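# Summary of the model geometry
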Amino acid sequence: MKKLALATLTAGVLGLSPLAAQAAEGDLGRQLSEARQEGSIWTAIALNRHLSPFSIDVDVENGVAVLTGKVESDIDRDLAGQLALGTEGVKKVDNRLLVDPDTQPRQQQSSLAQQFDDATLTAMVKSKLLWNSNTEGLDIDVDTQNGVVTLKGNARSAEAKELAGHLAQNTEGVERVNNHLSVSEADSTAAQAQQAAEDTTRAISDAWITSKVKSSYLYDRQLDGLDISVETKAGMVELGGSVLSAAEKELAIETARNIRGVRGVDADALRIDG
C-alpha cells in the first residue's frame with residue numbers, strides 16, 4: 001500500500017495517473033533486467049573459444065534477444081543462438097548473424113582473462129550510462145576490446161554525448177574511449193519528457209539510489225568508494241566518510257547528484273583527510 005501511495009504522489013507531480021506511474025516504474029525494472037541479460041549473453045559469447053574471435057552485438061527487448069554481426073560458419077551461428085537462449089529471462093532468439101566463411105577474426109586475439117575484463121568493463125560502462133540522469137544508457141551501444149571502449153548510438157544533446165564519453169573514460173580499467181555517438185535533436189524534447197517521468201518515479205526507491213551511488217564510486221578510477229558512506233532518505237543523499245582532496249569531494253557530490261532520482265546531496269559529513 002505504501003508503494004502505491006508513493007506512486008500516486010509522484011504521479012500527481014507529473015500529472016500522471018497512478019497506473020501510469022506504476023507502469024513507468026515497471027519499465028525501469030524491465031530495462032535493468034534487459035541490460036543484465038545483454039551483459040550475460042555478451043560475456044558467455046566472449047568467453048566461448050569458438051565465438052570469441054567474432055564481433056557479435058546483442059540487444060534484448062521484452063524477452064527477445066537479437067544477435068547481429070558475422071560468424072564463420074552455421075555451427076558458430078547456432079552456438080551463439082543457444083548461448084543466448086540459455087540466459088535466464090530470454091524466451092526467444094532473433095538470430096540475425098550472417099554466415100561468411102571469409103570472415104576475418106578480430107585482430108590481436110585477446111586472452112581469456114582480457115576477454116573477461118572487457119566484458120566486465122562493458123557492463124560497468126553500460127550501468128553508469130543507465131544510472132546517470134543526463135545520459136540515455138539504453139540507446140547507447142558499448143563495445144570493449146583490450147580496454148578500449150567504443151560508444152555508438154544516439155545522444156539527445158552534444159552535452160550528453162560529451163558526458164557519456166567522460167563517464168566511460170573515468171571507469172576503472174578503461175584505456176581509451178572512441179566516442180562515435182550521434183546527436184539527435186529531433187528526439188530531444190520527447191526524450192527529456194520521458195526522462196523527467198522516469199526520474200520522478202525512481203525517487204520512490206531510496207535503496208535503488210543508494211546502491212547506484214555506491215556502485216558509481218566503486219567504478220570510478222578517481223574515487224575510493226570503500227571510504228565513502230551513502231544513505232538516501234526521500235531522494236536526498238547523505239554522504240559520509242573521507243576523501244583525499246577537495247576535488248575528490250566535489251567529484252563525489254557531482255556523481256551522486258547526477259544519479260537518476262536524486263533530489264539533492266548533503267556532503268557535510270564527508271571529510272577531507274588529505
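Coordinates for the structure precede this section.
Residues numbered from 1 in each chain as written. Predicted model: local features only at pLDDT ≥ 70, side-chain atom pairs only at ≥ 80, totals over all residues. Heavy atoms only, no water.

## Focus on the environment of Lys91
On the secondary structure map, Lys91 appears in the loop between helix H3 (74-85) and strand E3 (92-95). Accessibility expressed as a relative area gives 72% for Lys91, which makes it exposed. Expressed as a C-alpha distance, the spacing of Lys91 and Val64, which sit 27 residues apart in the sequence, is 6.1 Å. Discounting residues that sit within four places of it in the chain, Lys91 has contacts with Gly63 and Leu85. (Helix = DSSP H or I, 4+ residues; strand = E, 2+ residues; numbered from the N terminus. Buried < 20%, exposed > 50% of the residue type's maximum accessible area, 1.4 Å probe, protein only. Contact = heavy atoms within 4.5 Å.)

## Details of the packing of helix H7 (residues 206-219) against helix H8 (residues 246-257)
The geometry of H7 relative to H8 is characterised by a closest axis approach of 9 Å and an angle of 135° between their N-to-C directions. The angle between H7 and H8 falls in the class oblique. In the crossing of H7 with H8, the sense of the turn from one axis to the other is right-handed. On the side of H7, the interface is formed by Val213, Ser216 and Tyr217, while H8 contributes Ala252, Ile253, Thr255 and Ala256. In terms of residue class, the contact of H7 with H8 is made up of five nonpolar, two polar and no charged. (Axes fitted to C-alpha atoms, helices over the stretch in contact; angles between N-to-C directions. Parallel < 35°, antiparallel > 145°, perpendicular 65-115°, else oblique. Left-handed = near helix turned anticlockwise from the far one by under 90°. Nonpolar A, V, L, I, M, F, W, Y, C, P; charged D, E, K, R; others polar.)

## A short note on the pairing of strand E9 (residues 236-243)
By the bridge criterion, six bridges tie strand E8 (residues 228-233) to E9 in an arrangement that is antiparallel. Across the sheet, residue Thr232 finds its bridge partner in E9, namely Val237. Count of turn residues in the E8/E9 antiparallel hairpin: two residues, of which Ala234 carries a positive phi of about 55°. One ladder, built from seven bridges, connects E9 with strand E10 (residues 264-272); its direction is parallel. Residue pairing in the sheet places Gly240 in a bridge with Ala269 of E10. What joins E9 to E10 is H8, and the crossover it makes is right-handed. (Pairing = 2+ DSSP bridges. Right-handed = clockwise from strand over helix to strand, strands pointing away.)

## So, the nonpolar core
Counting 21 residues, the largest nonpolar core has Val213, Tyr217, Ile228, Val237, Leu239, Ala252 and Leu270 as the members making the most contacts within it. Put simply, the parts of the chain that give this core at least two residues each are helix H4 (112-131), H7, E8, E9, H8 and E10. With residues up to four places along the chain from it excluded, the contact list for Leu239 reads Tyr217, Ile228, Ser229, Val230, Ala252, Ile253, Val265, Asp266, Ala267, Ala269 and Leu270. One finds Leu129, Val142, Leu151 and Leu167 within the second-largest nonpolar core, a separate group that totals 17 residues. (Core = buried A, V, L, I, M, F, W, Y, C linked by side-chain atoms within 4.5 Å.)

## Details of unusual backbone geometry
The residue Asn62 is not glycine, and still its phi comes out positive at about 55°. Here Asn62 lies in the loop between strand E1 (56-61) and strand E2 (64-71). Since its relative accessible area comes to 53%, Asn62 is described here as exposed. The backbone phi angle of Ala234 is positive, close to 55°, even though this residue is not glycine.

## Section: the sheet that holds strand E7 (residues 176-183)
Pairing in this open sheet of three strands is mixed, and the strands run E5-E6-E7 from one edge to the other. Single-partner strands in this sheet number two, and they are strand E5 (140-145) and E7. This sheet shows a mean twist of 10° between the axes of neighbouring strands, independent of strand direction. Bridge count for strand E6 (residues 148-155) against E7 is eight bridges, and the pairing is parallel. Of the residues in E7, the one forming a bridge with Asn154 is Ser182.

## Notes on the sheet that holds E10
Pairing is mixed in the open sheet, where three strands are placed in the order E8-E9-E10. Here the strands that pair on one side only, and so sit at the sheet edges, are E8 and E10. Mean inter-strand twist for the sheet, computed between neighbouring axes without regard to direction, equals 15°.

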